[in-house]
Amino acid sequence: MRAETRTHRQEQIEVAAYKLLEQKGFAGTSMQGIARLAKASNETLYSWYGDKQGLFKALVARNADEVKSLLEEELDAQRDALGILGLLGPRLLSLLLGPRAIALNRAAAADPTGALGQALSQAGRESVAPLLVQVLERAKAAGQLSFELSDQAVALYLDLLVGDLQIRRVIGVLPPPDDAFCQERSERATRMLVKLLG
């Protein structure tokens, strides 16, 4: 199968998986149901993803790829650290508060094994945090921020940016944010970070 054909089929499978996840939750979503909705064979799904948890791990990883790619590109381009945060913040908020991330978080909360929660953590925060460390270390080297432990500085930035917004989205008490909200919240987080650590 050609790479572009496989990519297209994976996108169809992932759209079907999210649709069923939102309708039926993690426990009610089956590989057979996803295959049927995506008009794919069970064999294809099991061959590409292994099992339902493998498929959902792939969804988590793909969801985090955009943010990881942005950070990698901006770090490689030697952009100013606070400029990187200015680009990153709105996109990260949009990702974390968007329907796909919320569906995945609800599924993780309903997974009694904890495996999906582990996948969310590994492909999400644990893969993005080391890149954020590099950004904040760059800000420290430039004299823009002052801190002793980079992991604590990253945690502070994420607290300022996200706070309890994601859990409020997960439990259904906060509507999806618009671009203006994400931009304003990002700018506020960077301002507060500089105020606290500058």
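To be clear, the structure that these remarks concern was listed above.
Residues numbered from 1 in each chain as written. Predicted model: local features only at pLDDT ≥ 70, side-chain atom pairs only at ≥ 80, totals over all residues. Heavy atoms only, no water.

Caption draft 1: Structural view of the pattern of salt bridges. Under the definition given, this model contains four salt bridges. Ionic pairing is found between Glu14 and Arg62, a salt bridge with its closest N-O pair at 2.6 Å. Residue Glu14 is located in helix α1 (residues 3-28), and its partner Arg62 is located in helix α4 (residues 52-76); the two are separated by 48 residues in the primary sequence. A salt bridge links Arg91 to Glu66; its shortest N-O distance comes to 3.3 Å. Note that Arg91 is positioned in helix α5 (residues 81-97) and Glu66 in helix α4, a separation of 25 residues in sequence. Among the residues examined, Arg91 registers a relative accessible area of 39% and is labelled partly exposed. (Salt bridge = Lys/Arg side-chain N within 4 Å of Asp/Glu carboxyl O. Helix = DSSP H or I, 4+ residues; strand = E, 2+ residues; numbered from the N terminus. Buried < 20%, exposed > 50% of the residue type's maximum accessible area, 1.4 Å probe, protein only.)

Caption draft 2: Representation of the nonpolar core in the model. Grouped together as the largest cluster of nonpolar side chains are 34 residues, with contacts concentrated most on Leu71, Leu85, Leu88, Leu132, Leu136, Tyr157 and Leu193. Per-element accounting of this core gives the leading share, eight residues, to α5. Excluding anything up to four places from it in sequence, Tyr157 contacts Leu85, Leu88, Gly89, Leu132, Ala189, Thr190 and Leu193. Grouped together as the second largest cluster of nonpolar side chains are 27 residues, Leu20, Ala38, Ala119 and Ala123 included. (Core = buried A, V, L, I, M, F, W, Y, C linked by side-chain atoms within 4.5 Å. Contact = heavy atoms within 4.5 Å.)

Read these as layout, nothing more, since geometry by itself doesn't imply function.
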